[in-house]
Amino acid sequence: MNNSKTTKRKCLAAAFIITLLFSIFLSTPQSIAEVKEEQAKIVVVYTSKENEINEYQRQLDMLLGHFSKDITFISSAEVEKKDLENATHLIYYGQKKSRLPETFPALLEEYTGPFLAIGYNTEQLGAHFDFIQSHGEIAIDQLYFTNDPNTLLNASYGKAIKVNIKGNTEILVEATKGYEDSIEPILVKNQNHYYFAIDDIALNETIFLGEILHTLFETGERSSSRPAYLRLEDVHPLVDPVPLQEIAEILKGKNIPYMIAVIPVYTSPQTGEKHYFSDSPALLKVLKQMQKDGASIVLHGYTHQYRSSETGEGFEFWDVENNLPVYASSDEEFNLKEKSEFKTAEEYEKYMDGLKQFEREYIQTKLTRGIQELVNYGLHPLAFEAPHYTMSQNGYQVVSDYFSTYVGQVQLSDEDWRTMDGTPYISTPSFLNGMELLPETLGFIEEDNPNSLKDIQSKSERIQMTENGIAAAFYHPYLGSEGLYDVLNEMERIPHLEWIDLKQRDISVQADNVSIYTINGEVIADVKNGALLMTSWDFSMYHIKGFLKTAIWGMAILGGVAVWLFVVFTIHLQTRSTKMEG
Amino acid sequence: MAIRSVYYSSSNQEYKNGRVILMADFILYTSLFLIWIMLFYHAFLMIGGYFHSLKYREFEKKISTTGEEFPKVSILIPAHNEEVVIEETIRSMIRLHYPKDKLEVIIVNDNSSDDTGKIVDRYAKKYSFIHAVHTKPPHAGKGKSGALNQGLLASTGDIIAVYDADNTPEPDAIRYLALGLKNDPKAGAMVGKFRVVNANKNILTRLINIETLTFQWLAQAGRWFWFKMATIPGTNFAIRRSILDEIGGWDEKALSEDTELSIRVYNMGYYIRFFPAAVTWEQEPETLKVWWRQRTRWARGNLYVIFKYLFTMHKLKNKKVLIDISYFLFTYYLFFGGVLLSHGIFVVNLITDLQLSIGKISIALLIVGFLLFLTEVCLALSMEKHQLTLKNFILVLFMYLTYSQMWIFLVAYASFLEVKRVLFKQEAKWYKTQRFKQPAKNNHSA
């Protein structure tokens, strides 16, 4: 009896353990989702100004990146039959009204999968979008889900395409239209075909579009949790370690994993003097403790400045003065030559390649140095965030050679750094060349701006319109703990919040002699220490100085022990001689 | 290439400043380590000195209990114009507790122009164990080594002891030195302790008193305890005649005959024992001027030894001597250099901010360094009866800032003289003038 009972129990326990192991290996929701993502092959055919990819396509890219890593953008002027062959999901983005090639409808004829059309030119897509009829541009005010009229968001550009729907077409998103008090269909569905009636899209549009895309991509039951992160911003060598530590303790007490955006060099705006973390041992100690307590380090540029401006205020990877990528050294006057100044197209291309090569090397040098310097201090950056979120497309390509994860918002066009936006979901857009984007969606507390908390609130409400869009904010630690509590309170109000721990994600960071990656939530830093120390005298000096400091303390302590010993000896001899005399 | 200019072109000056600051840091750390290696070595020696102060009495007991025969001892006292002090010295010889048939006191009246000879002759007539050797040119005026060699020729003892003419040994001193050698066959020489007879004369002699006690307990006793080493001083020591015979007596050409003799004893495989039970009292300079000359001579002698042996180290048969040579090297070059550098950094840092990275620990080091000095000296004083007094304690505090700091100027001056001597090849001249104008340290009696 007893025996059989124990055997039974053992069997049960074994079965339980096996099931547990299997569930860990096989059935984590993430891995299932990944399998699905791998399967989706999205082809986006777009029509734009001069048929080049611009910020609107990239906005779409960021959204689609949530559903698949396999996204191909092809201009409607260049698309061929073979481009669509393996597509599981087809999207047409008619951002500009245009005459599509005659052959176009024939290309789409055989396609039967899910199809999303955005903007103009739907009538040229064969019979696919017969269920709508477009009637030119109209002004709109606010968008909302048809099934929940409380979900109002402003239309980013206040315009849409007027459409009439036919047959068995469902309206999923509508727009209000100012004083006319009329309602316009914006996102409609007919079987597996979807149409979105706004040509220029931004974050607000992708909130609506994104929610509906979950159905289109059949992502199945979505988890109820909402990913979130908090990033401590602009932590440079002159940051006061006291409030930082206070904040670290609050976050540790709340068991919140968070990120620290670290800038390795602070350049004084007055003197131009450079300060390094090695000059601020107290701060470094706090940062290391934070990292040990679960915080993740994010490299936030190397100096956070390009031309002489204060660290944390300046741009590092964008020449704001010329509103261009960094094409020349900071002390040089730079004027971009126009295409017309060149005799041939090749000459112009060669010129541009040269500039891009400069930019590439500039970013490479800074990233390599930034990663190596932090690693030398024992800080392990797991992601990158460009200063002021500004960087060219070329820049993101370079970053992707070093980092697997990008944090923040993204500059979407090389024409203007202000074309910067976020996206509601964690994503791997194609233009980030494989990097995972953890978008920032809530903003930050701005000093002397009484409305900044309200801004965070409204952004939080916006992101809560999505099922599991990311809630992410950043905070400047020099503002102290009070403001942090404001932000945390605001965020913790969001239901089902699940704090992102970068260490739990699939991270890989590469630079010369440094390789950082994560395994099961653990950060592994594979560093060729000898070679790393050889790359810069400063790296060796940091350790030599550390050793010297320890040695000197050791000397003082040993000296103290000797002093104590001599006092004891003296007392011993004195008492002995008194005894002898007595 | 172009990239590099982005970083460095605008910050060239700053880069240079950074180098200067780095350099200052480097110098400071180097000097600190040099200084502290020395401080720790001293602390280490002091611990040895403490243990020896507890232990040497065992050896003392061993000697007192063995009722064996006394060896024949010849005491050599070189005297050049010592009429002021020689009588007192002779009297102390008469008071010695040693069988007079086993003892001969040979006073070498070395070319004196005063009444030294007459005084010695008077006593020699009265006491059979006192002998006078009067040197006349060409065998006279060759310095202490020459006088000692003259005395050695006239002596018959198996053990040779040496006293300066201003010394008054305690009655048991010779007994301890001679029986010590007899009971310790590995000892080539037996070194006693000297005390300052005019300690209470003025502040200078009080400071010298504190210094000599510390030196003997720290350097002599400490080295003996840890390494079985001690340096033969100019006075109050005994050495086996066999050794002197083998090496041909004292080297009359040597600059510092004591150190030379010590090294030669080591080379023969003997050690030199420090035995504090054998006490002599001697006079110390009472004016700064005399003190300065005397110390300059010692410092130059030590500098000479470093020069001579540093580059011929491989020839030394007993590698133990290296401990002493490196000690001298450290004291006179590295420690001295460290002190100068750290003082220099301190001064420059007052004028311009060097942004030294050392921080508060430097203050801790200053305090611990001072406390080490204070406790070491106090420990040494506590080894003598009635020396660790409140008055002496206050003096030690005062000493750290004054007397000890004079050592820096002394070494600087001695180094300057030595460099000059080497550059202008003044060797021979220096030796003779110095010996004659300032014959030893013994013409300043109370």
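Residues numbered from 1 in each chain as written. Chains lettered and ligands numbered in written order. Predicted model: local features only at pLDDT ≥ 70, side-chain atom pairs only at ≥ 80, totals over all residues. Heavy atoms only, no water.

## Regarding the overall build of chain A
Turning to step 1, where the next piece is worked out: Looking only at helices and strands, chain A features 14 helices and 27 strands.
Turning to step 2, where the next piece is worked out: Across its three principal axes, chain A shows a C-alpha extent of roughly 120 × 90 × 50 Å.
Turning to step 3, where the next piece is worked out: Across the 582 residues of chain A, 53% fall into the buried class.
Turning to step 4, where the next piece is worked out: Within chain A, counting contacts between residues at least 6 apart in sequence, those at least 24 apart form 70% of the total.
Turning to step 5, where the next piece is worked out: Total accessible area computed for chain A in this model is approximately 27400 Å², and 51% of it derives from carbon and sulfur atoms.
Turning to step 6, where the next piece is worked out: When the 49 basic and 82 acidic side-chain charges of chain A are each reduced to a single mean position, those positions are 7 Å apart. (Helix = DSSP H or I, 4+ residues; strand = E, 2+ residues; numbered from the N terminus. Buried < 20%, exposed > 50% of the residue type's maximum accessible area, 1.4 Å probe, protein only. Contact = heavy atoms within 4.5 Å. Areas by Shrake-Rupley, 256 points an atom, 1.4 Å probe, with all protein chains shown as cover. Lys, Arg positive; Asp, Glu negative; His and termini not counted. Charge placed at Lys NZ, Arg CZ, Asp CG, Glu CD.)

## Let's talk about the packing of helix α7 (residues 203-227) of chain B against helix α12 (residues 361-382) of chain B
Residues and elements named next belong to chain B.
Turning to step 1, where the next piece is worked out: As a packed pair, α7 and α12 sit with axes 9 Å apart at the nearest point and diverge in direction by 90°. As judged from the angle between their axes, α7 and α12 are roughly perpendicular. Contacts between α7 and α12 involve Ile-210, Leu-213, Thr-214, Trp-217 and Leu-218 from the former and Glu-376, Val-377, Ala-380 and Leu-381 from the latter.
Turning to step 2, where the next piece is worked out: Across the contact of α7 with α12, the residue classes tally to seven nonpolar, one polar and one charged. (Axes fitted to C-alpha atoms, helices over the stretch in contact; angles between N-to-C directions. Parallel < 35°, antiparallel > 145°, perpendicular 65-115°, else oblique. Nonpolar A, V, L, I, M, F, W, Y, C, P; charged D, E, K, R; others polar.)

## Comments concerning the interface of chain B and chain A
Turning to step 1, where the next piece is worked out: Contacts between the two partners involve 40 residues from chain B, matched on the other side by 36 residues from chain A.
Turning to step 2, where the next piece is worked out: Here chain B packs against chain A, burying approximately 3400 Å² in sum over the two surfaces, 74% of which is carbon and sulfur.
Turning to step 3, where the next piece is worked out: At the junction of chain B and chain A, the tally comes to zero salt bridges.
Turning to step 4, where the next piece is worked out: In this structure, the connection of chain B to chain A is made through one residue pair in polar contact (both at pLDDT 80 or more).
Turning to step 5, where the next piece is worked out: Listing elements by their share of the side of chain B that touches chain A, those giving two or more residues are α1 (2-8), α2 (12-65) and α12 of chain B.
Turning to step 6, where the next piece is worked out: In terms of residue count, the dominant contributor to the side of chain B that touches chain A is α2(B) (16 residues). (Buried area = accessible area lost by both parts, 1.4 Å probe. Salt bridge = Lys/Arg side-chain N within 4 Å of Asp/Glu carboxyl O. Polar contact = N/O pair within 3.5 Å; in protein donor to acceptor, adjacent residues only side chain to side chain.)

## Regarding the domain arrangement of chain A
Residue and element names in this part refer to chain A.
Turning to step 1, where the next piece is worked out: Domain boundaries assigned for chain A yield domain 1 (30-216), domain 2 (226-535) and domain 3 (537-582).
Turning to step 2, where the next piece is worked out: Using only C-alpha atoms to locate each centre, domain 2 and domain 3 end up separated by 47 Å.
Turning to step 3, where the next piece is worked out: Facing 11 residues of domain 2, the contacting portion of domain 3 comprises six residues.
Turning to step 4, where the next piece is worked out: Of the roughly 760 Å² buried between domain 2 and domain 3 on both sides combined, carbon and sulfur atoms contribute 57%.
Turning to step 5, where the next piece is worked out: Contact with domain 3 buries surface across domain 2, with Arg-369, Asn-376 and Leu-533 losing the most and accounting together for 59% of the total.
Turning to step 6, where the next piece is worked out: Between the two partners, domain 2 and domain 3, sit one salt bridge. (Domains from an automatic or database assignment.)

## Considerations on unusual backbone geometry
Residues and elements named next belong to chain A.
Turning to step 1, where the next piece is worked out: At Asn-323, a position not held by glycine, the phi torsion is positive, near 50°.
Turning to step 2, where the next piece is worked out: Judged by relative accessible area, Asn-323 falls into the buried class, the value being 18%.
Turning to step 3, where the next piece is worked out: The backbone of Tyr-389 shows a phi angle near 60°, a positive value even though the residue is not glycine.
Turning to step 4, where the next piece is worked out: Residue classification places Tyr-389 among the buried residues on the basis of a relative accessible area of 8%.

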